[in-house]
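Secondary and tertiary structure notes
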Amino acid sequence: MSSSNHHFEENTFANLTYCDYCSKLLWGLAKQGLECSECQYVCHNKCASSAPSCQSVKANPPARPNGGDSPTPKTPKSPTITDSPAANSLRQIQNADQQQQRGKNSKHKSTASVKSISSQSGFDSDSSLHDSHKDEVNKSPAASSAPESTADFTHHLKDVIMSSAVNASSEDINAPAMLYLKSQPPLNAQTTTRNFTRFASKCGAIFAFRDAIIRLISWENTADTLLAMVVWCVICFYPVLVVFGPQLLLLRVIVAKFYLKYGKFDSGEPLTDEPESDEKMNVKSSATNSAQASPNQQRPSSKRTLSGFGLSSVLFASDDASPEYLSNLKNLQNMMGEFSDGYDLVMSNASHFDWSSETETMYLLQAILISMFVLAVGIWIIPWRLVFMFGGLSVFFYNTKFVQLVLRDIGPDLGRHSERLFKTLGVWYRSLEETAAEHGTFKEASLYENQRWWPGSGFTPQMLRMERGPWSDISGTIPLPTKYEYKPPAGYKWEDEDWTLDKTGPWKQNFLGVEVSIPNIIMQVDPDEGGWVYSNSEWEPLFKKKDGGDGSKRDLTRRRRWIRRARRLTREERLAMDD
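Keep in mind that what you see is a predicted model, and the values were worked out from it rather than measured. (Residues numbered from 1 in each chain as written. Predicted model: local features only at pLDDT ≥ 70, side-chain atom pairs only at ≥ 80, totals over all residues. Heavy atoms only, no water.)

**Looking at the overall build of the protein chain**
- Secondary structure assignment for the protein chain yields 15 helices and 13 strands.
- Expressed as a percentage of its 579 residues, the buried residues of the protein chain come to 26%.
- Total accessible area computed for the protein chain in this model is approximately 40,200 Å², and 60% of it derives from carbon and sulfur atoms. (Helix = DSSP H or I, 4+ residues; strand = E, 2+ residues; numbered from the N terminus. Buried < 20%, exposed > 50% of the residue type's maximum accessible area, 1.4 Å probe, protein only. Areas by Shrake-Rupley, 256 points an atom, 1.4 Å probe, with all protein chains shown as cover.)

Here it is as structure tokens:
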């Protein structure tokens, strides 16, 4: 491609490169712009027609703002970035930088012109300007350098952000979490032993916290337990106070270590700046000697008190021969056993959730869905602060001696009553489910036989021209085939061998596969021995036959109901029918 004596060729630039004509960024991942093979002039495709003539100077290519980039080998074409909102924003940032750079260049040019004019007029401009600039620098050196450094940093930050946005898809950079997984050392016996020893010497704070919580809820110290209950109530009403927990914990550790280093925390001996007497010095000296003679007596007590949860003595690593280390080993041993027992307990009841017993898993799934629905409805009206407050207080009250004595006496009876209640609820739910399943599996079809009385013939299935047919639904508006021709609807098969008469009532229309014009019709009737119910010529009202059936008592019509059960086809039966 040739324009203005240039020999332009499409090129791909690996780094940020700017147009030599408009000083704007060349956007795209490949083939971002054109470059002259003679003078290395770089521009956009749209700027090629307006580019100046080629200088044919390969050694001195045109200056490019904010640096440029050397051409890279050509790569296959790929789609470039379109004018998206993000691209327009980046272009606006680049334009602002270019205008600022041009302003600086024009300022330098004006200064140079002033110097040349002053030299021509015989005025020593260099010395005067140098002195004035020196005075300004001496007055405020920080003020003169700070804006420039801030602007340079801002410009560099913009370049870094744009470069990262362009190269994010091509750079192979792993996330910190993935680097953590990849940097895990392999299994090694020595590493396992070393890390276990380190963990056993430094995990005392975990068990100290556990023991302190157990002592709190066990009412070992009544004052501490009451204080903990008050704190729990305050936190439930003002949960934002939880954010002060880490600070208070660190403050407690710092204060405890301070007393351990500079004062007698356990003995309650106050700190003082007064010089000690000779007698006190002698007593301390003898105590120090005795301590050196029996170092085992200097080891701190292994009992973890409530104050700071014993963190002052267990937060830091303990020696592998100390009682604390042995206590940590014992706790680790018991913790592993408790975890294994809990896992075995969960897996022993796995049939409830692993579909090994579909019935139990389905019950659990239904309970979960129902509880989720209830929570979704009640989450906005349930006073959760009160719920958590009373829930936490119940833990404290449960561990009182009074409650334990009550539970010891009525616990067996309460357990039996609870077991019976759960069994009753289970039976009720299963019966309800079976009823629903049976209702969905079995349906009852209804077919009504209609007859009219004719003189000399009696009751026959011969109807008038404009009235119901001999077989119909309960309303008489929908004609149906005879019971010998009536077939079950699609997806069902007859469960009963034959149709049976309904001699008790009430009558209702619940047959399958036919839309009823008057839905949910239920009629209270009193059929005779043959199942017939008599009526007038208009088929209402319904009553028993009152005479010999000769029409003298207005019993000109009659009808009776035939019923038959149908069962829904199973999946195997449907597949067999399809085959």
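**Remarks on the nonpolar core**
- Ranked by size, the top nonpolar core spans 15 residues in total, and within it Phe8, Cys19, Cys36, Tyr41 and Cys43 carry the most contacts.
- Mapped by element, the contributors of at least two residues to this core are strand S3 (33-36) and strand S4 (42-43).
- Trp471, Leu480, Tyr492 and Trp494 belong to the second largest nonpolar core, which has eleven residues in total. (Core = buried A, V, L, I, M, F, W, Y, C linked by side-chain atoms within 4.5 Å.)

**Some points on the UniProt feature "transmembrane region" (unreviewed entry) in the protein chain**
- According to UniProt, the positions carrying the feature "transmembrane region" (unreviewed entry) are residues 226-251 and 363-382.
- A helix fraction of 73% and a strand fraction of 0% characterise residues 226-251, whose end C-alpha atoms lie 22 Å from each other.
- Along residues 363-382 the backbone is 80% helical and 0% strand, and the end-to-end C-alpha distance reaches 26 Å. (UniProt positions renumbered as here; feature names shortened; annotations may be inferred.)

**Let's talk about the confidence of the model for the protein chain**
- Summarising the model, the protein chain shows a mean pLDDT of 74, and 67% of its residues fall at 70 or more.
- Under a pLDDT of 50 for its full length, residues 65-84 has, in the predicted model, 42 contacts with residues more than four places off or in other chains. (pLDDT = per-residue confidence, 0-100. Contact = heavy atoms within 4.5 Å.)

**Quick notes on the side chain of threonine 225**
- Turning to its location among the elements, threonine 225 is positioned in helix H7 (residues 222-237).
- In terms of polar contacts, threonine 225 uses its side chain to reach the backbone carbonyl oxygen of leucine 216, at 2.7 Å. (Polar contact = N/O pair within 3.5 Å; in protein donor to acceptor, adjacent residues only side chain to side chain.)

**Concerning unusual backbone geometry**
- You will see that glutamine 40, though not glycine, has its phi angle at about 60°, which is positive.
- When you line up the elements, glutamine 40 lands in the loop between S3 and S4.
- Positive phi is not limited to glycine here, since tryptophan 219 has a value of about 60°.
- Tracing the backbone through its elements, the reader meets tryptophan 219 in the loop between helix H6 (204-217) and H7.
- Note on tryptophan 219: relative accessible area 22%, which makes it partly exposed.

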